[in-house]
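Observations on chain architecture
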Amino acid sequence: MASAETIHVDGEWRAAASGAQREVLDPADATVLAVVAEGGAADADAAVAAARRAFRGGEGDWPRTPVAERAALLRRVADLLQRDRETIALTESRDTGKTLEEGRVDVDDVTAAFRYFADLVVNEGGGRVVDAGSDDVHSVVVHEPVGVCALITPWNYPLLQASWKIAPALAAGNTFVIKPSEVTPLSTVHLVRLLAEAGLPAGVANLVTGTGDPVGARLAEHPHVDLVSFTGGLASGAKVARAAAPAVKKVALELGGKNPNVVFADACATDEDFDTAVDQALNAAFIHSGQVCSAGSRLIIEESVRDRFVAELARRAERIKLGRGTEKGVECGPLVSAQQLAKVEAYVASALAEGAALRCGGKRPEPSETRPADGYFYAPTVLDLCHGDMTVVREETFGPILTVETFHTEDEAVALANDTEYGLAGAVWTKDAGRARRVAGRLRHGTVWINDYHPYLPQAEWGGFGKSGTGRELGPAGLAEYRESKHVYQNLAPKPVRWFAG
């Protein structure tokens, strides 16, 4: 088991100031996986103070470290991640319930994020030169670190989401305090250990394990925090924004989505096309048991192919192999917690009460050798005959639930896809290139896939419209979140203005 000294402040590992501890459970069988420190407001205050000392108004060791050296450290972290790939993947699998192969993919994606931001900052010039219209003026826009960053990450992709925040924050020269989800903190603890091993100065990276209230709440409101980056649920994100508002600090929020996967009939014209579209719909909805902010949980399909498509979708969904994520051959693991399992059950019950037709799933599976009875397993579920007034269609379920809606025209498809308060991601499937471009252009979502689902690139921005949040992660804009822009205007030939007579 991991040590209960999982709070990292000013280069030292420690227990919670209160001495409190928390058991981290394995979602596959509800056994204790580890014991971690249960931090509180006092621990958050100590971590912020350490980060503040390390930043020293931009004069600390890390903010003043040359960009090339900061980039070199990020690359060392990437190398260490690959060195520990199997260990971290196993930790992530056991902590979150995802399959071991998904854990390996996560480590590789985290590695790519660190390398991307290292390359991005080291290849920048010395600022953006602005033409002032005079040879006697040198005008340039430069970038400086924001300061002390509070980074609050979710339970579904703890390591990946940590990297999307830590890598750009460090690349820009900031110091930070990170608070991982209390449900899945273990891979973040490992990552902070790797940062220290790579040579990051003490106080730059600080970690407090604990709950959103009090730790996350204290970080959001703290007067010495300059930026809060939060990934999680809509209700919690709104609380973070309110807590941060009095200090007028920078806030970046990624708050999930209710993501449409729009399938036109021509995308199913041949047997091969049909097979691909069904396969991708399964991938969109059920990877990591649907516990993905960008999950394609709303299938919006043209009426003429609905019956055949849904029947095959349900047939394949019933054959998805559920079990402990570390077991060979398992395709989907458990939900992350008993609380999440109960929420998923409630969503399915409400959908059936509101008139949805259950095509498969809708229950806990029978226990098996790889699926312990005490695990938080739920069968992949397809709900047909759904409509936009249903709770299960409007709210983010974060579970293995796929709803089916139908359309007849392109305009109707777009209207259905955009009929959501969220706007994180969506996809369109069609063989018509013109239609693909039109629909993609009309969808109000931060990422739109055409004839694909789920891939992302570290060099492309990630974030959403509407209640999916504010700001962006990844890409150049993801780095810009952790910077302040400064305009430096130099007059090379100063002379009197004579505005006033004197």
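Residues numbered from 1 in each chain as written. Predicted model: local features only at pLDDT ≥ 70, side-chain atom pairs only at ≥ 80, totals over all residues. Heavy atoms only, no water.

**Considering the packing of helix α9 (residues 271-286) against helix α10 (residues 303-317)**
- Where α9 meets α10, the axes come as close as 10 Å, and the angle between the chain directions of the two elements is 55°. The angle between the axes of α9 and α10 places the two elements in the oblique class. Of the two elements, α9 crosses α10, and the hand of that crossing is right-handed. Seen from α9, the contacting residues are D271, F274, D275, A277, V278, D279, A281, L282 and F286; seen from α10, they are R308, F309, E312, L313, R316 and A317.
- Grouping the amino acids of the contact of α9 with α10 by side-chain chemistry returns nine nonpolar, no polar and six charged. (Axes fitted to C-alpha atoms, helices over the stretch in contact; angles between N-to-C directions. Helix = DSSP H or I, 4+ residues; strand = E, 2+ residues; numbered from the N terminus. Parallel < 35°, antiparallel > 145°, perpendicular 65-115°, else oblique. Left-handed = near helix turned anticlockwise from the far one by under 90°. Contact = heavy atoms within 4.5 Å. Nonpolar A, V, L, I, M, F, W, Y, C, P; charged D, E, K, R; others polar.)

**Thoughts on helix α6 (residues 186-197)**
- The end-to-end C-alpha distance of α6, which contains twelve residues, comes to 17 Å, matching closely the 16 Å that a straight helix rising 1.5 Å per residue would cover.
- The complete set of buried residues in α6 reads L186, S187, T188, V189, L191, V192, L194 and L195. (Expected span 1.5 Å × (residues − 1). Buried < 20%, exposed > 50% of the residue type's maximum accessible area, 1.4 Å probe, protein only.)

**Quick look at the UniProt feature "active site" (unreviewed entry) in the protein chain**
- Following the UniProt record, the feature "active site" (unreviewed entry) maps to E254 here.
- By the secondary structure assignment, E254 is in strand β11 (residues 250-254).
- Overall, E254 belongs to the buried group, its relative accessible area being 4%.
- Residues in contact with E254, not counting those within four places in the same chain, are F230, T231, G232, C293, L424, W462, S468 and E473. (UniProt positions renumbered as here; feature names shortened; annotations may be inferred.)

**Details of unusual backbone geometry**
- With phi around 65°, A30 is a residue other than glycine that occupies positive phi space.
- Owing to a relative accessible area of 28%, A30 belongs among the partly exposed residues under this scheme.
- Of note, the phi angle at R498 is positive, near 60°, even though the residue is not glycine.
- In this structure, R498 sits in the segment after β20 (483-491).
- Accessibility expressed as a relative area gives 69% for R498, which makes it exposed.

**Overview of the domain arrangement of the protein chain**
- In terms of domain boundaries, the protein chain breaks down into domain 1 (7-255 + 468-488) and domain 2 (260-450).
- The C-alpha-based centres of domain 1 and domain 2 are spaced at 31 Å.
- In this assembly, 25 residues from domain 1 lie in contact with 26 residues from domain 2.
- For domain 1, the biggest contributors to the area lost against domain 2 are A28, W155 and S468; these three give 27% of the whole.
- Linking domain 1 to domain 2 there are two salt bridges.
- Within the residue set of the side of domain 1 that touches domain 2, elements represented by two or more residues are α3 (85-96) and α4 (100-122).
- The element best represented in the side of domain 1 that touches domain 2 is α3, accounting for five residues.
- When its residues are assigned to classes, the side of domain 1 that touches domain 2 shows eleven nonpolar, seven polar and seven charged. (Domains from an automatic or database assignment. Buried area = accessible area lost by both parts, 1.4 Å probe. Salt bridge = Lys/Arg side-chain N within 4 Å of Asp/Glu carboxyl O.)

**Notes on the packing of aromatic side chains**
- Tallied over the full model, the rule gives eight aromatic pairs.
- Pairing W155 with F398 gives two aromatic rings, centres 5.3 Å apart and planes at 85°, and the pair type is edge-to-face. With W155 in the loop between β7 (148-152) and α5 (158-171) and F398 in the loop between α12 (391-394) and β16 (401-407), this residue pair connects regions lying 243 residues apart in the sequence. The two residues W155 and F398 agree in class, both being buried.
- Their ring planes at 65° and their centres at 5.2 Å tell us that W164 and Y456 sit as a pair that is edge-to-face. Here W164, found in helix α5, pairs with Y456, found in the loop between β18 (447-450) and β19 (469-470); they are 292 residues apart in sequence, far enough to count as distant.
- Three or more aromatic residues link up through ring pairs in this structure, and these residues are W164, W449, Y453, Y456 and W462. (Phe/Tyr/Trp six-rings, centres within 6.5 Å; stacked < 30°, edge-to-face > 60°.)

**Some details on the nonpolar core**
- Grouped together as the largest cluster of nonpolar side chains are 91 residues, with contacts concentrated most on F114, I166 and F309.
- If you tally residues by element for this core, the top one is α4, at ten residues.
- A domain-level breakdown of this core finds at least three residues from each of domain 1 (7-255 + 468-488) and domain 2 (260-450).
- Residues within four places of F309 in sequence aside, it is in contact with V263, C268, F274, A277, V278, A281, L299 and I301.
- Counting 24 residues, the second-largest nonpolar core is a separate cluster that includes A47, A51, V177 and L219. (Core = buried A, V, L, I, M, F, W, Y, C linked by side-chain atoms within 4.5 Å.)

**Brief notes about the environment of D136**
- Note on placement: D136 falls in the loop between β5 (128-130) and β6 (137-145).
- Assessed through its relative accessible area of 37%, D136 is described here as partly exposed.
- For the pair D136 and V208, spaced 72 residues apart in sequence, the C-alpha to C-alpha distance is 51 Å.
- Setting aside chain neighbours within four positions, we find D136 in contact with Q490, N491, L492 and A493.

**Here's the deal with helix α11 (residues 338-353)**
- Its 16 residues place the ends of α11 23 Å apart at the C-alpha level, agreeing with the 22 Å of an ideal helix rising 1.5 Å per residue.
- Three or more residues of α11 are buried, namely Q340, L341, V344, Y347, V348, S350 and A351.
- Buried residues along α11 sit in contact with β15 (381-384), α12 and β16.
- The positive-phi residue at the C-terminal boundary of α11 is G355, with phi of around 110°.

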